[in-house]
Amino acid sequence: MNIGIIGTGSIGTVLTEALMFAAAAEPENIVLHNRTREKAVHLKASFPGIHVCQTTKELVKKTQLIFVCVRQPDLKPLLESIAPYLTQDHCVLATASAVSTKQMESIISCSCGKVIPSVTNTVASGGILYSFGDSCDNDWQQKVTGLLNQIASVALETDDNIIRAASDLTGCGPAFFSKMAVMYADEAVTYGLTKSQAETLAFHMMIGLGELLKQKDWTLEMLTERTAAKGGVTGRGLTVIESEAGELFASLCRMTQQKAAEDRKEASAAFGIID
């Protein structure tokens, strides 16, 4: 099976690197296209054997599974441009979370769905989200889920009602928690650590946290219990988090949900379908 990736910005690059790291596809079976060709050529340089196409028409002709990794405003015109060349042997997966599969199916007639990757997939870890349109046949569903399970620790099927909250945890989560680690390290500097020392300790703390959860098969709750000695410093710190951080995450989720609602409204206007 040949795999096409249209758009080699951050998301398209993540998918390419994930497929290569997990050996989920051979480089010769990957075909890239980007509006600015130099970006696709730059990505190809990291993975000799990958093909770069001049046009989306050429990419569609050479592939069966196509990931469309373009910005939401560009998705409808892109689908319209490739629709004449798609056949029932194709499956198109878009990465624009606010566009529904129903809206995609109003433009293209082949199997389709959505996929929301995470930067953690580049090391075959973390979560990846997906959903299928009514038009997506069982054979393609099995192929896609099999592929996604190779490039992530967990592939979770979602729907449009929960995809934003799920994407906050999988796709946005690495950035959110990395930002908090940086802020935590910066605060430690005010108590005598150098910036280099604080960032090094925070960096390796996060690596160790992941290894603990992976190797000991602990839940997050179990790790908290094992780390916080009764009456100790960690326990007092957890009390501060419980009393003050709840509103932080409530505000964060409200903001992302608001942005998702704005994006869905724009998608509905663009496609002429409210979903």
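Preceding this paragraph is the structure being described.
Note that this is a predicted model, so its numbers are computed, not measured.

How each quantity is defined
Residues numbered from 1 in each chain as written. Predicted model: local features only at pLDDT ≥ 70, side-chain atom pairs only at ≥ 80, totals over all residues. Heavy atoms only, no water. Core = buried A, V, L, I, M, F, W, Y, C linked by side-chain atoms within 4.5 Å. Buried < 20%, exposed > 50% of the residue type's maximum accessible area, 1.4 Å probe, protein only. Helix = DSSP H or I, 4+ residues; strand = E, 2+ residues; numbered from the N terminus. Contact = heavy atoms within 4.5 Å. Phe/Tyr/Trp six-rings, centres within 6.5 Å; stacked < 30°, edge-to-face > 60°. Salt bridge = Lys/Arg side-chain N within 4 Å of Asp/Glu carboxyl O. Axes fitted to C-alpha atoms, helices over the stretch in contact; angles between N-to-C directions. Parallel < 35°, antiparallel > 145°, perpendicular 65-115°, else oblique. Left-handed = near helix turned anticlockwise from the far one by under 90°.

**Student:** Which residues make up the nonpolar core, and what values do they have?
**Tutor:** Soluble globular proteins: nonpolar side chains tend toward being buried together. Core analysis: the biggest nonpolar cluster contains 32 residues, and L19, L65 and F67 have the highest contact counts within it. Elements supplying a minimum of two residues to this core: β1 (3-6), α1 (10-21), β2 (30-33), α2 (37-46), β4 (65-68), β5 (91-94), β7 (127-132) and α6 (138-151). With five residues, the top contributor of residues to this core is α6. With residues near it in sequence (within four places) discarded, L65 still touches M1, N2, I3, G4, C91, L93, W140, V144 and L147. Core analysis: the second largest hydrophobic core is formed by 22 residues, V60, L75, M104 and I108 among them.

**Student:** Give me the lowdown on the packing of aromatic side chains, citing residues and values where you can.
**Tutor:** Within the structure shown, the criterion is met by two aromatic pairs. Arranged with centres 5.3 Å apart and planes meeting at 55°, the rings of Y130 and F132 form a pair that is tilted. For the pair formed by Y130 and F132, the shared burial category is buried.

**Student:** Before we move on, could you go through the pattern of salt bridges and cite the residues and values that matter?
**Tutor:** A full pass over the atoms with the stated rule returns 10 salt bridges. Of the charged contacts, one joins D74 and R71 as a salt bridge, the two residues approaching to 3.3 Å between their closest N and O atoms. Of the charged contacts, one joins K195 and D186 as a salt bridge, the two residues approaching to 3.0 Å between their closest N and O atoms. With a relative accessible area of 32%, D186 lands in the partly exposed category. One connected set of salt bridges, linked through shared partners, spans D186, K195 and E199.

**Student:** Lay out the packing of helix α7 (residues 163-189) against helix α10 (residues 233-271) in plain terms, naming residues and giving numbers.
**Tutor:** Interaxial distance between α7 and α10 falls to 12 Å at its minimum, and their mutual angle equals 130°. Put simply, α7 runs oblique to α10. Between α7 and α10 lies a crossing of right-handed hand. From α7, R164, A165, D168, F176 and M180 reach across to α10, where they touch L248, F249, L252, C253, T256, Q257 and A260.

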